[in-house]
Every structure is written in C-alpha cells, then in structure tokens.
Amino acid sequence: MDQYDQDICVVGGAGHVGLPLALAFAAAGQRVIINDLNTAAMDVIKSGRMPFIEYGAEPLLAEALKANRLLFSSDPRDIARAKYVIVTIGTPVDEYLNPKLRALLDLFKQLRQYLRPSQTIVIRSTVFPRTCRQVERLLSQDGNQWRVAYCPERIAQGFAIKELKELPQIVSGSSPEAVESATALFDMVAPEIVHLEIEEAELAKLFSNAWRYIQFAAANQFYMLANSIGVDFNHVREAMVRGYGRAATLPSAGFAAGPCLLKDTMQLAAFNNNSFPLGHAAMAINEGLPNFLVDMVSRRHNLSETRVGILGMAFKADIDDIRDSLSYKLGKVLRFHGADVLYSDEFVKDPTFVSKEELIARAQVVIVGVPHTAYKALVLPPHIDAVDLWGVLGKPSCHGVM
Ligand SMILES: NC(=O)c1ccc[n+]([C@@H]2O[C@H](COP(=O)([O-])OP(=O)(O)OC[C@H]3O[C@@H](n4cnc5c(N)ncnc54)[C@H](O)[C@@H]3O)[C@@H](O)[C@H]2O)c1
C-alpha cells in the first residue's frame, strides 16, 4: 500500500472550482495540495488573498494557511503524494463551439506517470459525455484496476463556500470501490450524497446547465416580445409569479453569460450529432439579446451622436469574473454602430473603466449589463434613457420598473 503524506491534491486548485473546494476540504481538517500551472494566482493565495471574489473564502484561507493544511505546487510529481486526486481544470469549447475533447484526456496522459492505482481519481470538471470512461480506459491500460469517480461541481460561482455545505453531492464511479471512496471523501463536506452511474452523472451536470440556459432564453424571448409592443416584461413577470407556483421558476430577463451555460449547452449539442434544436434556439436568443438592445436603442437615438454607458461588465452579479460576459459584446456592437461607449463595474478592475457616477454624468443612454447590488439604490436623472433588463435601478425607467 502506498504511503501518502497529503490527503488530497486538487489539480487546477487555483481556479474558480478548485480553490473553494480545496478550502472546504482544508476546513474539514484535510491536508490539501493546490496543484496549478498559474503560479501568479498561487502567489496571491499564499499571501492569504483570493485571486477572485469568492464570498466567505478568505477566513477559510487564513485558517488553512495558519494550520499548514495547504501545500502549493506546479510540479506534477507532487500529485503522487495525495490519496485523492481531484481534477478541476477548465473544459472549454473551441471557437467553433466544439468541445475540446482531448483537453482532459491529454491531461491524464501527462499525469499518468505520477498517478497510482491506489489513489482515487475524482473528475470534477464538467465533461463531454463518456469522457470519464475514456479516462478509466486510458489509466487501466497498465492492467491495474483504477478507481475513477465523477463528482460534478454544481455551485454558483462566487457562492461556493456556502453552497458546498448545502448542495447534495452527485457521486458516480467506475467501480463500487471508486464510489465508496469518493463517497467517503465528499461525506466530509457535503450534506447529502446522491449516487448515479457515471454517464448519468455526466448528463445530470450538462442537463442542469442547459436547462438553466433554456430558462433564461425563455425569459429573454418574452422580454423581446413584450418590448416589441411597448410592454414592460418585468411588470408582467411580477404578476405572473405572484402567488402562482407554476410560473415561479420563470427567471427575469438578462444576459445569460459566463464560461459554463452556453459551453455546456453546446457540449450536449455536439454529443447529439449537433442536433439540439432547443439548445441552439436558446443560444440564438441569449446571444442575440445584446443585438436586440442595440437595435432598440438605435430606434430612439442616433448612435453615432450618442454616448452609451454600460453599468456592469462582469458576467453575473456581485463577482469580478468577465469570462464570456455579454456586456463586452454589447459594447462592441454599440461601437460598431458608431456609439461612444463607457464601461463601469463595481468589482472588475480595469483602468479604462469609469466610476458609475462619472458614467451617469456623461452618458445619454445607460444600459445595465449586470445587476450588481450597488446599482439597486441608483436613481438616474430623468434625461437619461435607461435600459434595465433586470429592473434593478432605483426608479421607474423606460424598460425596468421596480
Ligand atoms: N466556474 C464555475 O462556476 C463552475 C461551476 C461548475 C462547474 N464548472 C466547471 O469546472 C471546470 C473548471 O472551471 P473553472 O471556472 O474553475 O475554471 P478556471 O479556469 O477558473 O480554473 C481552472 C484551473 O486549472 C488550471 N490548470 C489548467 N491546466 C492545468 C494543468 N495541466 N495542471 C494544473 N492546473 C491546470 C488553470 O491554471 C486554472 O487555475 C470546468 O469544467 C467548468 O465547466 C465551473
């Protein structure tokens, strides 16, 4: 039996999924190796700060550093030191919206020489269906029985520390031993374990994100439809959901952006021979929303003589992550049509951005790009034409009513 001087190694441990998970396990008393190629992010973490916004994480980080429960490494050889290896690297789609199928398999090819059959390998990244079986096949080419588990991450970015304690954890594995071992691992941090077969777990994760993406598309389509006859969708939605459970899950309209929802919907489409009409329709609606807004504004203003301010550049509220944010697409389309565009954000640090006060003072049109809490009390002067998809602003506007 191999001897391990560490409990868990999180590969991709400096990332948005890996780091909160590493901290949750460290808080549960585990010795955790944060293995990542991003040495700049690891330096920030070592200094006791988070490299991105994750609510509630810094006290756990301070505690873990103080207790010497974290070890930082970019050396793949250190992976051999831990009983559990959890893989949380990114699994993007390419510029043609095709999943980069090889990314995870290539990683395992590289890591193979450092992995041991006595370890439990936990895949946590969101994967193209059947990837985990391929990983298992790849590892077992040496004739050993490997324990490969798939335990997808389902947290909302920024709120992982809270949600890891609250969400049931899906656990699946290549053998009863793999399932048993991964169950013992997640029993330390999760309130409940739900067991599935590997393929079921892969689909459960992808379906969850595609379902959310389709729900947002329904709301966005309703928003555009209502808007086309001058009706305020938020007002309609409030009436629909009030005391009426069957409509309660209708989200508000807004940009459905970020690195996961579109990507995972397209993974499903690719898996199904590119036949996912509902997913593709959702993409057309959600990705078309910035263009719809520009068209709407251009009917009221000559864009080449208009300064437009975008309030909020992160991909969702109250975080600092701009990955695949549709606010940037909105800005690009506005500029293409000749508008002068100002950007502002409460969390994203960019020297070209202006404060929300300056943006409001200088813009004729203000579009809310993301509903940061800081915008809730914001009252815009009456001369500003406000486009407020979520209805967050502190005054009734053309398109958003509190
Ligand atoms: N971000 C979310 O909210 C979220 C939620 C659920 C699931 N997911 C899924 O989790 C996975 C990771 O997403 P993320 O947002 O954390 O990505 P991320 O880019 O924030 O983190 C990935 C980390 O992996 C590191 N990395 C890449 N290759 C490596 C290698 N060979 N060795 C060591 N480290 C390596 C990167 O440096 C990075 O720090 C994706 O599959 C994503 O779809 C993300």
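The structure under discussion appears in the preceding block.
All values reported here derive from a predicted model rather than from experimental measurement.

Parameters and conventions
Residues numbered from 1 in each chain as written. Predicted model: local features only at pLDDT ≥ 70, side-chain atom pairs only at ≥ 80, totals over all residues. Heavy atoms only, no water. Near = heavy atom within 4 Å. Polar contact = N/O pair within 3.5 Å; in protein donor to acceptor, adjacent residues only side chain to side chain. Areas by Shrake-Rupley, 256 points an atom, 1.4 Å probe, with all protein chains shown as cover. Nonpolar A, V, L, I, M, F, W, Y, C, P; charged D, E, K, R; others polar. Disulfide = S-S within 2.5 Å. Buried < 20%, exposed > 50% of the residue type's maximum accessible area, 1.4 Å probe, protein only. Helix = DSSP H or I, 4+ residues; strand = E, 2+ residues; numbered from the N terminus. Pairing = 2+ DSSP bridges. Right-handed = clockwise from strand over helix to strand, strands pointing away. Axes fitted to C-alpha atoms, helices over the stretch in contact; angles between N-to-C directions. Parallel < 35°, antiparallel > 145°, perpendicular 65-115°, else oblique. Left-handed = near helix turned anticlockwise from the far one by under 90°. Contact = heavy atoms within 4.5 Å. Salt bridge = Lys/Arg side-chain N within 4 Å of Asp/Glu carboxyl O. Phe/Tyr/Trp six-rings, centres within 6.5 Å; stacked < 30°, edge-to-face > 60°. Lys NZ or Arg CZ within 6 Å of the ring centre and 35° of its normal.

A. Up close: the site of the ligand. As a matter of local geometry, the ligand sits amid 24 residues, with His16, Val17, Asp36, Thr91 and Lys263 nearest to it. Histidine 16 has a polar side-chain atom sitting 2.6 Å from an oxygen atom of the ligand. One of the backbone nitrogen or oxygen atoms of valine 17 is found 2.8 Å away from an oxygen atom of the ligand. Here the ligand has 840 Å² of accessible area as a free molecule, and 84% of this is covered by the chains. Residue composition of the shell around the ligand, by class: eight nonpolar, eleven polar and five charged.

B. Here's a closer look at the state of the cysteines. Counting across every chain of the model gives zero disulfides. The thiol of cysteine 9 is unpaired, and the distance to the nearest cysteine sulfur, on cysteine 151, comes to 16 Å. Of the cysteine sulfurs around cysteine 260, a residue in no disulfide, the closest is that of cysteine 132, at 16 Å.

C. Expanded view of the pairing of strand β4 (residues 82-87). Of all the six residues making up β4, five are buried; the element is thus mostly covered by neighbouring parts of the structure. The pairing of strand β1 (residues 6-11) with β4 spans five bridges and is classified as parallel. Bridge pairing in β4 links isoleucine 8 to tyrosine 84. Taken together, the four bridges between β4 and strand β5 (residues 120-123) define a ladder with parallel strand orientation. By the bridge assignment for β5, tyrosine 84 is matched with threonine 120. Taking the sense of rotation as the criterion, the β-α-β connection linking β4, helix α4 (residues 102-111) and β5 turns out right-handed.

D. Quick look at the packing of helix α10 (residues 261-271) against helix α11 (residues 277-300). Two elements in contact, α10 and α11, have axes whose closest approach is 9 Å; the angle formed by their N-to-C orientations is 150°. Looking at the two axes, α10 sits roughly antiparallel to α11. As α10 runs across α11, the sense of the crossing is left-handed. When α10 is examined against α11, the residues Leu262, Thr265, Met266 and Ala269 are found in contact with a partner set consisting of Gly279, His280, Met283 and Glu287. For the contact of α10 with α11, the class distribution of residues is four nonpolar, three polar and one charged.

E. Structural context of unusual backbone geometry. With phi around 55°, asparagine 68 is a residue other than glycine that occupies positive phi space. On the basis of relative accessible area, asparagine 68 is assigned to the exposed category, the value being 65%. Positive phi, close to 55°, is recorded for aspartate 324, a residue that is not glycine. Considering the arrangement of structural elements, one finds aspartate 324 in the loop between β9 (307-311) and α12 (326-336). Exposure remark for aspartate 324: the relative accessible area of 54% places this residue in the exposed category.

F. Up close: the sheet that holds strand β10 (residues 340-344). Taken in spatial order, the four strands line up as β10-β9-β11-β12 in an open sheet, and their pairing is parallel. Both edges of this open sheet fall to β10 and β12 (385-387), since each of them pairs with a single strand only. Within this sheet the neighbouring strands show an average axis-to-axis angle of 20°, counted without direction. Summarising the sheet, β9 and β10 pair through five bridges and their orientation is parallel. Across the sheet, the residue bridging to arginine 307 is aspartate 340, located in β10.

G. The pattern of salt bridges, seen in detail. Taken as a whole and judged by the stated rule, the model has 19 salt bridges. Between arginine 300 and aspartate 385 there is a salt bridge whose closest N-O contact spans 2.8 Å. You can see arginine 300 sitting in helix α11 and its partner aspartate 385 sitting in strand β12, a full 85 residues away along the chain. Under the relative-accessibility criterion, arginine 300 is labelled partly exposed at 35%. In this structure, glutamate 357 and lysine 356 form a salt bridge, with 3.7 Å as the shortest nitrogen-oxygen distance. In this structure glutamate 357 comes out as exposed when scored by relative accessible area, which is 51%. Each of Asp5, Asp78 and Arg81 takes part in a single network of salt bridges with overlapping partners.

H. Spatial organisation of the pairing of β10. Buried residues dominate β10, accounting for four of its five residues. Since β9 and β10 lie parallel, the crossover through α12 that links them has a hand, and here it is right-handed.

I. Quick look at the packing of aromatic side chains. Inspection of the entire model under this criterion finds eight aromatic pairs. Taking 5.4 Å as the distance between ring centres and 25° as the angle between the ring planes, the aromatic pair formed by tyrosine 55 and phenylalanine 159 counts as stacked. Here tyrosine 55, found in the loop between α2 (39-46) and α3 (57-66), pairs with phenylalanine 159, found in the loop between β6 (147-150) and α6 (160-166); they are 104 residues apart in sequence, far enough to count as distant. Residue tyrosine 55 is classed as partly exposed on the basis of its relative accessible area of 35%. With a centroid separation of 5.6 Å and an interplanar angle of 70°, the aromatic rings of tyrosine 328 and tyrosine 343 are classed as edge-to-face. Of this pair, tyrosine 328 sits in helix α12 while tyrosine 343 sits in strand β10, and the two are 15 residues apart along the sequence. Given a relative accessible area of 9%, tyrosine 343 falls into the buried group. Just above the ring of tyrosine 343 sits the side chain of arginine 335; from NZ or CZ to the centre is 5.0 Å.

Note that every value here comes from positions in space, so none of it alone points to a role or purpose.
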